[in-house]
Amino acid sequence: MALHAPSTTHHHFQIRRPNLPRFRHRLPSPPPPNLTFRVPHSHSLRFSLLRSHSISPICRCASVKSSDSFDSESDQNYASESPQIPQRNKVSFVELLKKSSSFLPHVTIASTLLALVFPPSFTWFTNRYYAPALGFLMFAVGVNSSEKDFLEAFKRPAAIFAGYIGQFVVKPLLGYIFGIISVAIFGLPTPVGAGIMLVSCVSGAQLSNYATFLTDPQMAPLSIVMTSLSTATAVFVTPFLSLLLIGKRLPVDVKGMVSSILQIVVTPIVAGLLLNRFLPQICNAIRPFLPPLSVLVTACCVGAPLAINIESVLSPFGLTILLLIITFHLTAFIAGYFLTGMAFHGAPDVKPLQRTLSYETGMQSSLLALALANRFFQDPLVGVPPAISTVMMSLMGFSLVMVWTKRKE
């Protein structure tokens, strides 16, 4: 009798068949996209990327795995960027040095207050230091310029002529008007009116070149050409204007004037241009340190005349003269700005040209007027307006630098 064993094949089929649906239910969905974007570490960015691909809860394990890989790559990115941190600090320090010129108006105000409160802080900065200080400012302009800029400036004779008219026509006319007002309306002594007129007869100030350089660097060569031309011809124009307005012919030292132009303007600018042309590496090394040094030098040029002439400024007529000088320079700044806008309204760079000619018209070489007053006039009251003008001209000019620079930004 043969015994037949039960069919194991059928039994095996019955065992696997009930488990087949559950095995299918556990099959994973297609894997999510591999997120390998190299971006900075951000949880909000990661979740937005995951939502954009609609990853279902079934794939939660896969998404966690993808997030882990995302975090690791972000950590690697940070690890690769960590050695650049000292370089960023170095760049920020250099940028801080370059932007130190923005503190110039604040430093000018601080030096003015310090000269009023404690004059000995600036009395050491006598006239013998003033020419080298202005020469240093011109050297800074030369380092940041090129000979092409000056060649382009000479191609604008109309603008140069307009600057000359502003310095030796508009400004003397305003000086004569305010000189008459000071005597006829405010009842000030006649020497005070003569001092105001004397301020309007001198050439442009070298500080106007530096103010133009801070506001519109591309216009600095044009400003330098204007100031140099007015200074060179001042040996003839200033005595003529003083005779016409004041009634006294002032003998001006021609050799001294030419020597002053060479020392303060020509030599420093040429040295800066040559250094920039043939030794650019040295220029790049010293260029970041020029703005803070220029700020300190300008503060000394503003505070020293006030500290040295503090008695004249605090004289019985000091406050009235101060108000007249402020109004005089303010009118000159405004006249230079709007007259230029009317004459060059079609120029593509009319706004920078307006600011440049405003500086040229409103800022005069008050130190030269003070030297002429002390040398050729017996009454000390003639020197009071030039002494006050030296301070207020610089303070108002660099305040305009702050205002116009912020508007440009």
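Basis of the calculations
Residues numbered from 1 in each chain as written. Predicted model: local features only at pLDDT ≥ 70, side-chain atom pairs only at ≥ 80, totals over all residues. Heavy atoms only, no water. Helix = DSSP H or I, 4+ residues; strand = E, 2+ residues; numbered from the N terminus. Buried < 20%, exposed > 50% of the residue type's maximum accessible area, 1.4 Å probe, protein only. Contact = heavy atoms within 4.5 Å. Areas by Shrake-Rupley, 256 points an atom, 1.4 Å probe, with all protein chains shown as cover. Expected span 1.5 Å × (residues − 1). Phe/Tyr/Trp six-rings, centres within 6.5 Å; stacked < 30°, edge-to-face > 60°. Lys NZ or Arg CZ within 6 Å of the ring centre and 35° of its normal. Polar contact = N/O pair within 3.5 Å; in protein donor to acceptor, adjacent residues only side chain to side chain. Core = buried A, V, L, I, M, F, W, Y, C linked by side-chain atoms within 4.5 Å. Salt bridge = Lys/Arg side-chain N within 4 Å of Asp/Glu carboxyl O. pLDDT = per-residue confidence, 0-100. Axes fitted to C-alpha atoms, helices over the stretch in contact; angles between N-to-C directions. Parallel < 35°, antiparallel > 145°, perpendicular 65-115°, else oblique. Left-handed = near helix turned anticlockwise from the far one by under 90°.

Another aspect to go through is the overall build of the protein chain. Each helix and strand in the protein chain was counted, giving 19 helices and 0 strands. Considering the protein chain as a whole, with its 409 residues, one finds that 46% of them fall into the buried category. Of all intrachain contacts in the protein chain linking residues separated by at least 6 positions in sequence, the fraction that spans at least 24 positions is 81%. A total of about 22300 Å² of accessible surface is found on the protein chain, and carbon and sulfur atoms cover 67% of it.

Another point: helix H5 (residues 104-117). One turn of an α-helix holds 3.6 residues; hence residues three or four places apart share an orientation. In a regular helix each residue adds 1.5 Å, so 14 residues correspond to 20 Å; H5 covers 20 Å between its end C-alpha atoms and thus fits that length. Tucked into the core, H5 has its buried residues touching helix H10 (207-215), helix H14 (290-308), helix H15 (310-313) and helix H19 (384-408).

On to the packing of aromatic side chains, then. Evaluated as defined, the whole model comprises 10 aromatic pairs. Residues phenylalanine 178 and phenylalanine 328 carry aromatic rings whose centres are separated by 5.8 Å and whose planes lie at 65 degrees to one another, so their mutual orientation is edge-to-face. Of this pair, phenylalanine 178 sits in helix H8 (residues 157-184) while phenylalanine 328 is found in helix H16 (residues 318-343), placing the two residues 150 residues apart along the sequence. The buried category is assigned to phenylalanine 328, whose relative accessible area is 0%. Plain terms: the ring middles of tyrosine 359 and tryptophan 404 are 5.4 Å apart, the flat faces sit at 75 degrees to each other, and that makes the pair edge-to-face. Pair noted here: tyrosine 359 is in helix H17 (residues 350-362) and tryptophan 404 is in helix H19, with a separation of 45 residues, a long-range link. The exposure classification of tyrosine 359 matches that of tryptophan 404, with both residues buried. Taken together through their ring pairs, the aromatic side chains of Tyr337, Phe338, Tyr359 and Trp404 make up a single cluster. Seen from the ring of phenylalanine 278, arginine 277 lies directly overhead, with NZ or CZ sitting 5.9 Å from the centre.

What follows deals with the side chain of serine 230. With respect to the helices and strands, serine 230 occurs in helix H11 (residues 220-245). Taking relative accessible area as the criterion, serine 230 reaches 0% and is therefore assigned buried. At 2.8 Å, the side chain of serine 230 and the side chain of glutamine 167 are in polar contact. One polar contact links the side chain of serine 230 to the main-chain amide nitrogen of glycine 204, over a distance of 3.4 Å. Serine 230 has contacts with Tyr164, Gln167, Phe168, Ser203 and Gly204, leaving out every residue within four places of it along the chain.

A few words now on the nonpolar core. Counting residues in each nonpolar core, the largest one holds 80 residues, and the members touching the most others are Tyr210, Leu222, Met363 and Phe398. With 10 residues, H19 is the single largest residue contributor to this core. If we ignore the near neighbours within four places in the chain, the residues touching leucine 222 are Ala153, Ala159, Ile160 and Leu353. Core analysis: the next-biggest nonpolar cluster, separate from the first, contains 7 residues, Phe168, Val237, Leu241 and Leu245 among them.

Residue position: aspartate 379 is located in the loop between helix H18 (366-376) and H19. A relative accessible area of 31% means that aspartate 379 is categorised as partly exposed. For the pair formed by aspartate 379 and valine 192, sequence separation is 187 residues and the distance between their alpha carbons is 9.4 Å. Separated by 3.0 Å, the side chain of aspartate 379 and the backbone nitrogen of leucine 381 make a polar contact.

What follows concerns the environment of phenylalanine 377. Within the secondary structure, phenylalanine 377 is located in the loop between H18 and H19. Judged by its relative accessible area of 14%, phenylalanine 377 falls in the buried class. Along the primary structure phenylalanine 377 and alanine 194 are separated by 183 residues, whereas in three dimensions their C-alpha atoms are 9.9 Å apart.

Here we take up the pattern of salt bridges. Taken as a whole and judged by the stated rule, the model has 4 salt bridges. When the shortest N-O distance is used, the salt bridge between aspartate 349 and arginine 156 registers 2.7 Å. Separated by 193 residues along the polypeptide, aspartate 349 in the loop between H16 and H17 and arginine 156 in the loop between helix H7 (147-154) and H8 bring together distant segments of the chain. Overall, the relative accessible area of 25% leaves arginine 156 in the partly exposed class.

In this model, the protein chain carries a mean pLDDT of 76, and residues with pLDDT of at least 70 account for 72%. Within the protein chain, the lowest mean pLDDT, 42, falls on helix H2 (residues 43-52), and the highest, 94, falls on H17. Contacts for the low-pLDDT stretch residues 1-25, under 50 throughout, to residues beyond four places or in other chains number 0 contacts. Throughout residues 39-91 the model reports pLDDT below 50, and contacts reaching past four residues in sequence, or to other chains, amount to 33 contacts.

Tracing the backbone shows arginine 355 in helix H17. Given a relative accessible area of 10%, arginine 355 falls into the buried group. Engagement of the side chain of arginine 355 in a polar contact is seen with the side chain of aspartate 216, the distance being 2.9 Å. Not counting chain neighbours up to four residues away, the residues in contact with arginine 355 comprise Thr215, Asp216, Tyr337, Trp404 and Lys408.

Two numbers describe how H7 lies on H11: the axes approach to 8 Å, and their chain directions differ by 60 degrees. By the angle between their directions, the pair H7 and H11 is classed as oblique. In terms of crossing hand, the pair formed by H7 and H11 is right-handed. Contacts between H7 and H11 involve Asp149, Phe150, Ala153 and Phe154 on the former and, on the latter, Pro221, Leu222, Ile224 and Val225.

Bringing the environment of serine 366 into the picture now. Mapped onto the secondary structure, serine 366 falls in helix H18. Overall, serine 366 belongs to the buried group, its relative accessible area being 1%. Each C-alpha atom, one on serine 366 and one on glycine 204, is 8.7 Å from the other, the two residues being 162 residues apart in sequence. When neighbours within four sequence positions are excluded, serine 366 is seen to be in contact with Val199, Pro386, Ser389, Thr390 and Met393. A polar contact of 2.7 Å, which involves the side chain of serine 366, links it to the side chain of serine 389.

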